[in-house]
Amino acid sequence: MPVSGLPPYDDANIFARILRGEIPAKTVYEDEWAFAFHDIAPQAPTHVLVIPKGRYCSFADFSATASAEEIAGLFRAVGKVAKDLGMEADGYRMLANMGQHGGQEVPHFHVHLFAGRPLGRMIPAG
Ligand code: AMP
């Protein structure tokens, strides 16, 4: 069910619970700013989510209110994860859904990383 992606932040969302260690995740990477883990329902041979450790509802919230260090930290982590998982040779896609029309379902900002096969058009027809 899509969400608005707008504040207030919901501390009960599933990625907040993963960050608090209440729910297990298949961890790929972690540093001061970011946490990366495998998507539970992968839509490509490799499908990883990279999230900031801070409480941000969506890209809209993150881009407007996160510090420069948090923004740099998150995007450095996205690039590092893609590189470390060997995605660079054949390429990959990063994607962030925001709000209802974006199809965002979890109200904690996350970047999807997809790789492992040709990924087709940016947006499916229809
Ligand atoms: P979005 O539609 O952009 O909000 O994407 C949410 C993503 O979170 C989907 O691809 C889900 O498969 C994924 N997801 C939901 N719950 C979990 C979980 N517990 N662990 C890993 N991925 C999850």
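Residues numbered from 1 in each chain as written. Predicted model: local features only at pLDDT ≥ 70, side-chain atom pairs only at ≥ 80, totals over all residues. Heavy atoms only, no water.

1. Section: the layout of surface pockets
Which parts of space are left empty comes out when a probe the size of a water molecule is rolled across the atoms. Here is the rule: A cavity, in this analysis, means grid points on a 1 Å lattice covering only the protein atoms where a 1.4 Å probe fits yet has no way out; a pocket is instead an open set bounded by protein on both sides within 12 Å along at least five of seven lines, and a residue lines either one if it has an atom within 4 Å of a point. Grid points are joined across faces, edges and corners, and a volume is the space filled by probe spheres set on the points. Working definition: helices are DSSP H or I runs of at least four residues, strands are E runs of at least two. Numbering for both runs from the N terminus. Residue classes follow a fixed rule: Ala, Val, Leu, Ile, Met, Phe, Trp, Tyr, Cys and Pro count as nonpolar, while Asp, Glu, Lys and Arg count as charged, and any other residue, Gly among them, counts as polar.
For the largest pocket, the calculated volume is near 830 Å³. Lining the largest pocket are 31 residues, and of these D39, A41, Q43, H47 and H112 lie nearest its centre. Of all the secondary-structure elements, those providing two or more residues to the lining of the largest pocket are α1 (14-19), β2 (34-38), β3 (46-52), β4 (92-95) and β5 (111-115). Counting residues per element, the lining of the largest pocket draws most heavily on α1, at 3 residues. Of the residues in the lining of the largest pocket, the class split is 17 nonpolar, 8 polar and 6 charged.

2. Brief notes about the nonpolar core
The line we're drawing: Among buried residues, those of type Ala, Val, Leu, Ile, Met, Phe, Trp, Tyr and Cys that are joined through side-chain atoms within 4.5 Å constitute a nonpolar core. Each residue is placed in one exposure class: buried if its accessible area under a 1.4 Å probe, protein chains only, is under 20% of its type's maximum, exposed if it is over 50%, and partly exposed if it falls in between. For this analysis, residues touch if any pair of their heavy atoms sits within 4.5 Å.
Within the largest apolar cluster, 18 residues are counted, with the highest numbers of intra-cluster contacts made by V50, L74 and L113. Every element with two or more residues in this core is listed here: β2, β3, α3 (68-84) and β5. For this core, the element with the most residues is α3, which contributes 5 residues. Ignoring sequence-local partners within four residues, the contact set of L113 consists of T46, H47, V48, V50, V78, V81, A82, M87, Y92, R93 and M94.

3. Quick word on the sheet that holds strand β1 (residues 27-30)
For clarity, the cut-off: Pairing between strands is defined by DSSP: at least two bridges between the two strands are required. Only the contacting stretch of a helix is used when fitting its axis, a line to C-alpha atoms as for every element, and angles between N-to-C directions run 0 to 180 degrees.
Pairing is antiparallel in the open sheet, where 5 strands are placed in the order β1-β2-β3-β5-β4. Both outer strands of the open sheet, β1 and β4, are each paired with one neighbouring strand and no more. Geometrically, the sheet is characterised by an average inter-axis angle of 20° between neighbouring strands, direction not taken into account. Pairing of β2 with β3, which is carried by 5 bridges, proceeds in the antiparallel orientation. Of the residues in β3, the one forming a bridge with F37 is L49.

4. Structural notes on the pairing of β3
Counting buried positions along β3 yields 6 of 7 residues, so the element is predominantly enclosed. One ladder, built from 5 bridges, connects β3 with β5; its direction is antiparallel. In the strand pairing of β5, T46 is matched with A115.

5. A short note on unusual backbone geometry
At the junction of P7 and P8, the peptide bond is cis and its omega measures out at 10° in the coordinates. For P8, the location among the structural elements is in the segment before α1.

6. Structural notes on the confidence of the model for the chain
For any part of a model where pLDDT is low, the fine detail of the predicted coordinates should not be relied upon. Applicable threshold: Note: pLDDT gives the predictor's confidence per residue, expressed from 0 to 100.
Mean pLDDT over the chain stands at 97; residues scoring 70 or higher make up 99%. Confidence, expressed as mean pLDDT per element, reaches its minimum in the chain at helix α4 (residues 99-102) with 96 and its maximum at β3 with 99.

7. Points about the site of the ligand
Counted only if it meets this: Think of it this way: one heavy atom of a residue within 4 Å of a molecule or strand is enough to make that residue near it. Distance and chemistry together define a polar contact, namely a pair of N or O atoms within 3.5 Å, with one atom able to donate a hydrogen and the other to accept it when in protein, and with adjacent residues in sequence counting only for side-chain atoms on both sides. To be clear on the numbers: accessible area is Shrake-Rupley with a 1.4 Å probe, and residue cover counts the displayed protein chains and nothing else. Assignment to a cavity or pocket requires that more than half of a molecule's atoms be within 2 Å of the site's grid points.
Around the ligand sit 17 residues, and of these D39, N97, E105, H110 and H112 come closest. A distance of 3.0 Å separates an oxygen atom of the ligand from a polar atom in the backbone of G103. A distance of 3.0 Å is found between an oxygen atom of the ligand and a backbone nitrogen or oxygen belonging to V106. Coverage of the ligand by the protein chains reaches 85% of its 510 Å² of free accessible surface. In this structure the site holding the ligand corresponds to the largest pocket. Going through the elements one at a time, α1, β2 and β3 are the ones with two or more residues in the shell around the ligand. Tallied by class, residues from the shell around the ligand come to 8 nonpolar, 7 polar and 2 charged.

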